[in-house]
Amino acid sequence: MSVLVDDDTRVVVQGITGGEGKFHTEQMLAYGTNVVAGAVPGKGGQEVNGVPVYDTVAEAVEAEDATASVVFVPPAFAGDAMFEALDTDLDLVVAITEGVPTQDMARVNKRLSETDTYLLGPNCPGLITPGEAKLGILPGNIFTSGEVGLVSRSGTLTYQVVDNLTQRGIGQTTAIGIGGDPIIGTTFIDALELFENDPDTKAIAMCGEIGGEDEEEAAAYIDEHVDTPVAGFIAGRTAPPGKRMGHAGAIVSGSGTGTAESKIDALNDAGVPVGDTPEEVADHIESFL
Amino acid sequence: MSVLVDDDTRVVVQGITGGEGKFHTEQMLAYGTNVVAGAVPGKGGQEVNGVPVYDTVAEAVEAEDATASVVFVPPAFAGDAMFEALDTDLDLVVAITEGVPTQDMARVNKRLSETDTYLLGPNCPGLITPGEAKLGILPGNIFTSGEVGLVSRSGTLTYQVVDNLTQRGIGQTTAIGIGGDPIIGTTFIDALELFENDPDTKAIAMCGEIGGEDEEEAAAYIDEHVDTPVAGFIAGRTAPPGKRMGHAGAIVSGSGTGTAESKIDALNDAGVPVGDTPEEVADHIESFL
Amino acid sequence: MKLHEYQAKQVFADAGIPTPDSQLASDVDGVLTAADEIGYPVAIKAQVQVGGRGKAGGIKLAADADEAREAADEILGMDLKGYHVEQVLVEQAVDFTDELYVGITLDRGAGKPVAMVSTKGGVDIEAVAEETPEAIAQEHIDPSFGMHPYQARKAVYDAGVDKALARDVSSVLSTLYDLWERKDGSDAEINPLMVTGDGEVIAADAVMNIDEDALFRQPELAEMEEDAAGGDELEAKASEYGFDYVRLEGNVGIIGNGAGLVMTTLDLVDHYGGSPANFLDVGGGAKAARIANALDMVFADENVDSVVFNIFGGITRGDEVAKGINEALGQFDEIPKPVVVRLAGTNWEEGMEILNEDLVTVEATLEDAVKRAVEYASEVNQ
Amino acid sequence: MKLHEYQAKQVFADAGIPTPDSQLASDVDGVLTAADEIGYPVAIKAQVQVGGRGKAGGIKLAADADEAREAADEILGMDLKGYHVEQVLVEQAVDFTDELYVGITLDRGAGKPVAMVSTKGGVDIEAVAEETPEAIAQEHIDPSFGMHPYQARKAVYDAGVDKALARDVSSVLSTLYDLWERKDGSDAEINPLMVTGDGEVIAADAVMNIDEDALFRQPELAEMEEDAAGGDELEAKASEYGFDYVRLEGNVGIIGNGAGLVMTTLDLVDHYGGSPANFLDVGGGAKAARIANALDMVFADENVDSVVFNIFGGITRGDEVAKGINEALGQFDEIPKPVVVRLAGTNWEEGMEILNEDLVTVEATLEDAVKRAVEYASEVNQ
């Protein structure tokens, strides 16, 4: 089993005719993902890699029974694309786009709260259920099917941790990149809840980073609601306060919360061991299985 | 028993220091309504008729445990006053103000859908549970306690129908004026549901008018969900299409719905007799009891 | 409040919606000068607030100055469905290949605005809505977010607009929504939005209704109001007094407080065999002077043969009503038209004491009051 | 992107928020002319992007021309926490009785903006937030509706602002929210909002941070960006190249792809006893030229003694990375600083084939690569 996506997931790609959209559609198809439609205004009736394109997401959903969308749309239009996706009844929207204005996301976030849809991202690598479906830009070949659920704010850090697991022969149920922006849709807590309710997920790896209080809140949630063992990692221990390090989210405000220390303490208090290195995260996970 | 208000209802009056607010607070107090606070920005600390005034509704609610508000605020500021009321956890907001811009109400209506609060109006006379509480501008002396629930889009028409009932010795559980504007909060259906669930309401009088499709929708609702007998009245049978008659809501669009005929037909189809005169409505109600 | 075509076009053009060259003219010379500047052919269009101007002869094409003179002569000063034509819009005649419809209005049932697009523009869109509703693509707008760009596109694609035009049409629709929102519109429509041979779109007509309750925050539009009002003299007077007033065809004058109750009074007049001459709502809490004004207005209507005065006091007080009636009728040596009064509610007893019963007929119930007024009116007509 | 005080004040003043008279000056004569026009006393304020300017000597009061000359001499050209002061704002000195704080920022946890008001302005508001959070009234804003007028009032009353000032302060707060929204602010703050003896309010300082991701739709602010950037030469160069780059205190240069992974590399450098010289994220899908630029940048930092190059390819391809490294290092006769490379993920094998191992040290795992780089750096320092 898995969470959010599997081989029944029917994917519409928003922005399928753009450079990135086209390339990753190819990659997703090659991985075996069920990409059933594209949606690009004015390009309805065309095909990309044999996938039919529609002018609107609503048309694509109706014609091809899509259940999820992946957004490869430039930042200026990505908010609108997410609104369009959220106004259909898709189960999942994955926003890959990096650089979406924060106020656009504040508005999308409000809309999201009115729906039952999961929104991953923006500025995330997507998610993968190894051997079944990949939605996004993750390199499929490093993943392998297994019993570990992985959730991470960072893309390449996810690959690093997965690699450490896979090298030891430890596979994943689903790996979810939730994105590093200040406002994201699906949070650690949402992902933890999904993994907790997935009988095949026997252990969870959770990779956070400095900035915000999502990890602290996740720790409190784990303490109360999660029985599946969790191992954590927090990037940015050495980041100086007040400096922005790539991820818009990775700003340490300088006050009590949001630092690596407060996050690690919170996780430890919830019984979650936090590795000093990705290798140590793999050690903890191995000990759980 | 009664619906929405009774002698436990604790009322905050928004705009209590204005002419209308002051006058009707006096009237409500005289009727026995539990007016516990006023809210007017900058007037916090004053008193009106012995009622303490606060700067914000939130303060008034917290200090005096108010459960309902009545809005007597000029049209330009009434939308904001309703938002303020809806952002506290009041059970009921009654907006008396006439002439609120429609787009303000469209936004208030969106906000309302996010809460569990009942909003009566705007442009409504309020509501009354005879002998217990009056919130609004209805003349208390024509009402008498009894078994009929009354819901109406029009103020003075309500009085007319109530008078016809009271003259025959037929009293009311609660009489609700929902207002005649194009966008209102509580609808016929909401009121019908409340009366249906009130064991003391043995019959319902429903006064509609031309314009919109609320009466048609109410008829469909009655057909499916209401066992309590209902008698109806529709004002505006002789109104020519396209003319606006006072209530912004009372415009007949000229197409199939919204006319007096379509409303009367819909009600009749749902088993609701519609009186040609207010007197006939009283006849029907009398026959139900 | 409905803007004139020329006013609405100005508002649309200012917001960037393409409109034909046009000028307003109020005499034949003005029309000819305007047509010269714009270049023939031109359309000459009566600026009055009625539907179906074209069919009623209020719009004419002119290929040259002779035709323009003839058309201007005919249209200026004509009576168009009861409205006197004082101004025409002289407008560049647009060659078109297609006519679209775009509009924004409030969907009362949904409690939110709706954007509409159709490829069946240029005709009676209400008829299209009734006969082939699927020909009008609808997109509801959440007023807290406004119209998202994708919604404009979706409405356009759903309507089956030619893809080459989609970008321009959705841009017009977005602008129209923006205007509807910024200007407190109740309706904003372009019918037809013409498509030219070059694939351009252009607003050949323009409708904009403004929410009167919001005019206080639309000072520019409020200034247009005087121009936009028009037609009936009594309706103009009522607007001046601040009454909700509608003139009708019958002979029983009706005055009351509250729209629902006044409509009910109309209905009862009809029910008891009479015919209402008007709808007049004095509103809530009317004082004596206002009551007197209302009576004066109804007397000023030549069609009126009798008057029924029906007040159920809530915030309106019976004593004030009685004073107003005495005042209005006291000025006559002989009462011009019989007045039937029914007073109920707040202070009705005080009112009855004050009321001079030599001047009016008093009835205790609404039904009896209406019956009596109908009787009086029918006596006059015998 | 953080605006300078003078830029933020201009934006605030244009929106109608009261600000003191002020002029920008870049030399002593300019300061004196400005002060003459404004009238003494004036404040002379260094325009650099650091907190605590006042304590660091970057703000001085001048009662007359002599004092102004002295202050200008001291401040212009001074080094303020590593930033060179090139401009000062000469500003009317305001007599005040109270200092308030008003601000708008994003509450990440709530995913929505929050408006804040406090009567404890003029001091370190972060300290107030930590020690007496109840002294800062907060009001969360639903971004689909924007800030309702009642919310501005509520924040002001909740903060306990004097009632006589409530209207003015809530008006400033409303305007500030409006700016935050229209200008894509990440923070907008006035600290202090001074209250004068006459009961007027005036923005004595102004902070405005703009969401860099939204600069594409803020052309006026984007023009200010060049001015607003400042300070470190390497950071300016990184911004030109489009790298996410932060200069740090250590001697191990770090290059990688993806913020989380680069931060992790920093953390491991620290973990294994080294000290990171920088954070440099080449982003996703970097080609050879971009990789070469990154190496050039890190070499240009004199503090760097060794470099660790950590790439986990997703959309970034190992062969492109290897080409870029060869290219950057091929230009040297002698490699200036030892480079440790770790390649994983997409096309890592192709990359390893291409990579010239005479120029770099290759390690298979992140841990080993970091350890090796730390070792090299410590050797240099022995």
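Predicted, not measured: the structure shown is a model, and the values here were computed from it.

Definitions and cut-offs
Residues numbered from 1 in each chain as written. Chains lettered and ligands numbered in written order. Predicted model: local features only at pLDDT ≥ 70, side-chain atom pairs only at ≥ 80, totals over all residues. Heavy atoms only, no water. Helix = DSSP H or I, 4+ residues; strand = E, 2+ residues; numbered from the N terminus. Rg over C-alpha atoms; globule rule 2.2 N^0.38 Å. Buried < 20%, exposed > 50% of the residue type's maximum accessible area, 1.4 Å probe, protein only. Contact = heavy atoms within 4.5 Å. Areas by Shrake-Rupley, 256 points an atom, 1.4 Å probe, with all protein chains shown as cover. Lys, Arg positive; Asp, Glu negative; His and termini not counted. Charge placed at Lys NZ, Arg CZ, Asp CG, Glu CD. Patch = residues over 30% accessible without salt bridge, like charges linked within 9 Å, V, L, I, M, F, W, Y side chains within 5 Å. Salt bridge = Lys/Arg side-chain N within 4 Å of Asp/Glu carboxyl O. Domains from an automatic or database assignment. Arc of directions from axis to C-beta. Buried area = accessible area lost by both parts, 1.4 Å probe. Polar contact = N/O pair within 3.5 Å; in protein donor to acceptor, adjacent residues only side chain to side chain. Pairing = 2+ DSSP bridges. Phe/Tyr/Trp six-rings, centres within 6.5 Å; stacked < 30°, edge-to-face > 60°.

1. What about the overall build of chain A?
And then number 1: Tallying secondary structure elements over chain A gives nine helices and 13 strands in all.
And then number 2: What you see for chain A is a C-alpha radius of gyration of 18 Å, in line with the 19 Å of a compact globule of 289 residues.
And then number 3: Residues classed as buried in chain A amount to 64% of the 289 residues present.
And then number 4: Taking the contacts inside chain A whose residues are at least 6 apart along the sequence as the reference set, 73% of them involve residues at least 24 apart.
And then number 5: Carbon and sulfur atoms form 44% of the exposed surface of chain A, whose accessible area is close to 9400 Å².
And then number 6: If you average the places of the 14 positive and of the 46 negative side-chain charges in chain A, the two averages end up 8 Å apart.

2. So, the overall build of chain C
And then number 1: In terms of helices and strands, chain C carries 13 helices and 18 strands.
And then number 2: Burial status across chain C gives 55% buried among its 382 residues.
And then number 3: Residue pairs at least 24 apart in sequence account for 68% of intrachain contacts in chain C once pairs closer than 6 positions are excluded.
And then number 4: Taken as a whole, chain C presents about 15900 Å² of accessible surface, with 42% of it coming from carbon and sulfur.

3. So, a negative patch on the surface
Residue and element names in this part refer to chain A.
And then number 1: Taken together, the side chains of Asp223, Glu224, Glu261, Asp265 and Asp269 define an acidic patch exposed on the protein surface.
And then number 2: Of all the elements in the fold, those that place two or more residues in the negative patch are helix H7 (214–225) and helix H8 (260–269).
And then number 3: In terms of residue count, H8 provides more of the negative patch than any other element does, three residues in total.
And then number 4: Position of Glu261 relative to the elements: it lies in helix H8.

4. Details of the domain arrangement of chain C
And then number 1: Partitioning chain C into structural domains gives domain 1 (21–92), domain 2 (96–222) and domain 3 (233–380).
And then number 2: Look at where the C-alpha atoms of domain 2 of chain C and domain 3 of chain C centre, and you get two points 42 Å apart.

5. Comments concerning helix H9 (residues 278–288) of chain A
And then number 1: Turning to H9(A), its buried residues are A:Pro278, A:Val281, A:Ala282 and A:Ile285. Along the long axis of H9(A), the arc covered by the buried residues comes to 100°, so they all point the same way.

6. Here we look at the interface of chain C and chain B
When the parts of a complex come together, some accessible area is lost, and that lost area is often taken as the interface size.
And then number 1: Taken residue by residue, the interface counts 44 residues in chain C and 52 residues in chain B.
And then number 2: Together chain C and chain B conceal approximately 3700 Å² of surface at their shared face, both sides included; 58% is due to carbon and sulfur atoms.
And then number 3: Considering only the side of chain C, the residues that lose the most area to chain B are C:Arg108, C:Met263 and C:Phe312, jointly responsible for 19% of the buried surface there.
And then number 4: The tally of links from chain C across to chain B stands at two salt bridges.
And then number 5: A salt bridge links C:Arg217 to B:Asp104; the shortest N-O distance between them is 2.8 Å.
And then number 6: In this assembly, chain C and chain B are joined by twelve residue pairs in polar contact (both at pLDDT 80 or more).
And then number 7: Elements represented by at least two residues in the side of chain C that touches chain B include exactly helix H6 (163–182), strand E13 (244–247), helix H9 (259–271), strand E16 (306–313) and helix H13 (366–380) of chain C.
And then number 8: The element that contributes the greatest number of residues to the side of chain C that touches chain B is H9(C), accounting for ten residues.

7. With respect to unusual backbone geometry
And then number 1: Note the cis peptide between B:Gly121 and B:Pro122, where omega equals 10°.
And then number 2: Here B:Pro122 shows up in the loop between strand E7 (118–120) and strand E8 (126–129).
And then number 3: Backbone geometry at A:Asn49 places phi at a positive 50°, although glycine is not the residue there.
And then number 4: Mapped onto the secondary structure, A:Asn49 falls in the loop between strand E3 (47–48) and strand E4 (51–54).
And then number 5: In this structure, C:Asp184 is a non-glycine residue whose phi angle is positive, near 55°.

8. Remarks on the sheet that holds E3(A)
Residues and elements named next belong to chain A.
And then number 1: Taken together, seven strands build an open sheet; the order of strands is E3-E4-E2-E1-E5-E6-E7 and the sheet is mixed. Two strands in the sheet have a free side with no partner beyond their single neighbour: E3 and strand E7 (118–120).
And then number 2: One ladder, built from four bridges, connects strand E5 (residues 68–71) with strand E6 (residues 92–95); its direction is parallel. Bridge pairing in E6 links Val70 to Val94.

9. So, the pairing of strand E12 (residues 203–209) of chain A
Residues and elements named next belong to chain A.
And then number 1: Here E12 lies mainly inside the structure; seven of its seven residues are buried.
And then number 2: The alternating pattern of E12 places Ala203, Ala205, Cys207 and Glu209 and Ile204, Met206 and Gly208 on opposite faces, both of which are buried.
And then number 3: In terms of strand pairing, strand E10 (residues 145–152) meets E12 through five bridges, oriented parallel. The residue bridging Ser152 from the neighbouring strand is Cys207, located in E12.
And then number 4: By the bridge criterion, six bridges tie E12 to strand E13 (residues 230–235) in an arrangement that is parallel. Paired with Cys207 across the strands is Phe233, a residue of E13.

10. What to know about the packing of aromatic side chains
And then number 1: A full pass over the atoms with the stated rule returns ten aromatic pairs over all chains.
And then number 2: Note on A:Phe83 and C:Phe145: the rings are 5.1 Å apart at their centroids and 70° apart in plane angle, and the pair reads as edge-to-face. Separated into two different chains, A:Phe83 in helix H3 (residues 75–86) and C:Phe145 in the loop between strand E9 (136–140) and helix H5 (149–158) make up a pair that spans both.
And then number 3: Residue classification places A:Phe83 among the buried positions, given a relative accessible area of 4%.
And then number 4: Residue classification places C:Phe145 among the buried positions, given a relative accessible area of 8%.

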